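An overview of the molecular structure
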Amino acid sequence: MKPTHQCNQIDLKLENQEVIVAGWVQRRRDHGGLIFIDLRDSNDLVQVVFSPETAQDAHKLAHELRSEFVIAVQGKVSKRPEGTENPNLTTGEIEIMADELEIINRSETPPFVIEDSGPQVSEDTKLKYRYLDLRRPSMQRNLRVRHKATMAARNYLDKQGFFEIETPVLTKSTPEGARDFLVPSRFNPGKFFAMPQSPQLFKQLLMISGFGKYFQIVKCYRDEDLRADRQFEFTQIDIEMSFTDEEEIFALTEGLFADIFQKCLGITIPTPIKRMKYHEAMERFGSDKPDERFGMELINISDIVADCQFKVFSSIVAKDGQVKAIVAPKQADLSRKQIDILTDFVKDFGAKGLVSFKILEDEVDSPVRKYFSDEVLKNIIERTEAKVGDLILIVADKPKVVAESLGRLRLKLGNDLGLIDESQFKFSWIVDFPLFHYNEEEKRLDSEHHPFTGIHEKDMELLDIDPLKVRSRSYDLVLNGSELASGSIRIHKQDLQEKIFRILKINKEEAQQKFGFFLEALKFGAPPHGGIAPGLDRLVAIMCGIKSIRDVIAFPKTQSGTCPLTGAPSEVSEEQLKELGLSVEEVLE
RNA sequence: GGGGCUGUGGUGCAGUCUGGUCUAACACGCUGGCCUGUCAAGCCAGAGAUCGCGGGUUCAAUUCCCGUCAGCCCCGCCA
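Conventions and cut-offs
- Residues numbered from 1 in each chain as written.
- Chains lettered and ligands numbered in written order.
- Predicted model: local features only at pLDDT ≥ 70, side-chain atom pairs only at ≥ 80, totals over all residues.
- Heavy atoms only, no water.
- Near = heavy atom within 4 Å.
- Polar contact = N/O pair within 3.5 Å; in protein donor to acceptor, adjacent residues only side chain to side chain.
- Helix = DSSP H or I, 4+ residues; strand = E, 2+ residues; numbered from the N terminus.
- Expected span 1.5 Å × (residues − 1).
- Buried < 20%, exposed > 50% of the residue type's maximum accessible area, 1.4 Å probe, protein only.
- Contact = heavy atoms within 4.5 Å.
- Axes fitted to C-alpha atoms, helices over the stretch in contact; angles between N-to-C directions.
- Parallel < 35°, antiparallel > 145°, perpendicular 65-115°, else oblique.
- Left-handed = near helix turned anticlockwise from the far one by under 90°.
- Nonpolar A, V, L, I, M, F, W, Y, C, P; charged D, E, K, R; others polar.
- Domains from an automatic or database assignment.
- Pairing = 2+ DSSP bridges.

1. Some points on the protein's contact with RNA strand B
Around RNA strand B, the structure places 50 residues, and the nearest of them are Arg-27, Glu-53, Thr-84, Glu-95 and His-449. Of everything in RNA strand B that lies within 4 Å of the protein, sugar and phosphate atoms constitute 51%. Side-chain polar atom of Ser-198 to a base nitrogen of RNA strand B: 3.3 Å apart, as the coordinates give it. Within the side chain of Arg-222, a nitrogen or oxygen atom sits 2.8 Å from a phosphate oxygen of RNA strand B. At the level of elements, β1 (18-30), β2 (35-40) and α2 (123-128) are the ones that each hand at least two residues to the surface near RNA strand B. Counting residues per element, the surface near RNA strand B draws most heavily on β1, at 3 residues.

2. Some words on helix α4 (residues 137-159)
Helix length check: α4 (23 residues) gives 32 Å between terminal C-alpha atoms against 33 Å at 1.5 Å per residue, within 8%. Every buried residue belonging to α4 is among Met-139, Asn-142, Val-145, Arg-146, Ala-149, Thr-150, Ala-152, Ala-153, Tyr-156 and Leu-157, and all of these are buried. Looking at the buried positions of α4, the neighbouring elements they touch are α3 (130-133), β9 (213-221), β10 (233-242), α6 (246-265) and α16 (536-543). Gly-161 lies just past α4 and shows a positive phi near 90 degrees.

3. Notes on the packing of helix α14 (residues 494-503) against helix α15 (residues 508-522)
Two elements in contact, α14 and α15, have axes separated by 10 Å at closest approach and are oriented at 160 degrees. One element, α14, and the other, α15, form an angle in the roughly antiparallel class. Considering only the axes of α14 and α15, their crossing is right-handed. Facing α14, whose interface residues are Gln-494, Gln-497, Glu-498 and Phe-501, α15 presents Ala-511, Phe-515, Phe-518, Leu-519 and Leu-522. Split by residue class, the contact of α14 with α15 holds 6 nonpolar, 2 polar and 1 charged.

4. Examining unusual backbone geometry
Across residues other than glycine, the phi torsion is negative in most instances, and most of the peptide bonds are trans. Residue Pro-272 is bonded to the preceding Thr-271 through a cis peptide linkage, with omega at 0 degrees. Examined against the element boundaries, Pro-272 turns out to sit in the loop between α6 and β11 (275-277). Ala-568 connects to Pro-569 through a cis peptide bond whose omega is -5 degrees. Looking at the secondary structure, you find Pro-569 in the loop between α16 and α17 (574-580). A positive phi is found at Met-296, a non-glycine position, where the angle reads about 55 degrees. With respect to the element layout, Met-296 can be found in the loop between α7 (278-285) and β12 (299-300). Its identity as a non-glycine residue notwithstanding, Lys-505 has a phi of 60 degrees, on the positive side. For Lys-505, the location among the structural elements is in the loop between α14 and α15.

5. Things to note about the domain arrangement of chain A
As far as domains go, chain A holds domain 1 (7-105), domain 2 (140-276 + 427-552) and domain 3 (294-416). Between the C-alpha centres of domain 1 and domain 3 the distance comes to 62 Å.

6. Quick notes on the sheet that holds strand β5 (residues 94-105)
Strands belonging to one sheet form pairs held by backbone hydrogen bonds; the direction of such a pair is parallel or antiparallel. Spatially, 5 strands are ordered β1-β2-β3-β5-β4 in a closed barrel, and the strand pairing comes out mixed. Sheet twist, expressed as the average angle between the axes of neighbouring strands with direction ignored, equals 55 degrees. Pairing between β1 and strand β4 (residues 70-79): 7 bridges, direction antiparallel. Looking at β4, one finds that Gly-23 is bridged to Ile-71.

Written out as structure tokens, the structure reads:
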């Protein structure tokens, strides 16, 4: 029997019609007489009724049904008897009175119940039986949203005149940035391909090739530790254009996201998306990817405490440090112990300590209360707009430490206190990033974005004088505190590109060896170009209201980078190693 | 490399702090029986756990200690 309808297509309009549905047994309710089966297909659930009076054979066979059996049922769509409708089901008004039942395939009892409600199964078990986990309606929905987002992106970019060009997965290791996944070359023993961390140089080469508008929905590979929002392999909507500028890329990207949100969620996102300078983001939120769904911004009180009795504050201000505060609403009743926990939290991010002021009805309570005059306190309260019952939390340190620690604390409190409205989508562009940052360990400059990032025309002369002040032409699109897309206008002149390598202390030989092919290409009439690369996994996760991108990837890895389903990674045979000219060292304890 | 949380029948959990009463509880699921309007069906009966693994302390360890493994969250890392 082949299905004539999907479960979600069955409604009252089909009353008294014969249909065939096929799917899995979600649940069986055997009354001895009547047997009810909830039949699940990839779209919905529908109730099938087996009655000994109307279909004796089918009823008899239905006794054998168990969870996850694959069946096909032929029967008549009927309106449910008055009072037995189930408003919790979309198909709750009708049911199928079975005439015939075919057990297409039996199933062992599944290790967990295939449903969204009920106890949450451990990640390990879910991934081991991922094919069962994926039967759950929410997983079906997540992957459907992912598909729709991908299709929307393809269609949108196609309409804008872009074409999708594939780039190699087996390519050259360019040991900048993340750790590469390597693939040994059998033809060239001792040599390795690397899997791309992104198709960055290939898409730039395509611009040089004269493909003015390129995109690719492409896997990228980075051998770094995994997180809830990071997998070894992830997918980017990779985009690059020639003869372009920031305005064009912003407009294109905004159009792309507007289209995706409209088509997948029916949500209209307001455009244009507002822009925020990197420095403003760091000052107000202590982060280059601010979550703007709630307040609690960082407030600078350095000037107020510059001359106060509390030496920790005044001395830091004197040393060009910063003193900043956030206000935790209605948290003045936190215990000493709870504040200690927050203090330990900021210490993880380099802060020396956390000063707290509890704003009570007619006094301010603080371990360091005695160092502050009433006037200074009044000014702090005025500046921070703290109200009675609030808790002011202050960090004093180098600006970088203040931003990092208070920014993180803000996020933690925002989460813990439930200040975040999860139904919102808050986009913003972050612009005017610095081109470089100082790498303390290596005692040299590193690219903030990547070494191919273009430079603000006005800052060009700063390159030799004060490179840390140079602003790049890169931009990030941030959604709800998550970096959703990152891109830049690139360098298209060979001499400038070489100069950047010099500043990054990549010597000529090294640059030649790693990027020589690219520097060569830049000599042959490279057009100005730029692009952006939205991360599909994070986008879909946010659209689905999900924390972990594992839930929007069909077959993800665990945090330790393994696949419980297949057992990957695994050992390989001696023959395979020999062919590749590899040997594995025993790891001794 | 580091910090935190978790690990007890198939699944989710109680018990662990304060060792003996644990012959390991409960719910779901499973097996069998009864049952013609349920939809978390109901009722009855039953099976199913060397308490992640290894070591130690103790007369005695699911419980305390050390180590280890796995999952999750995080720091570092992720141009």
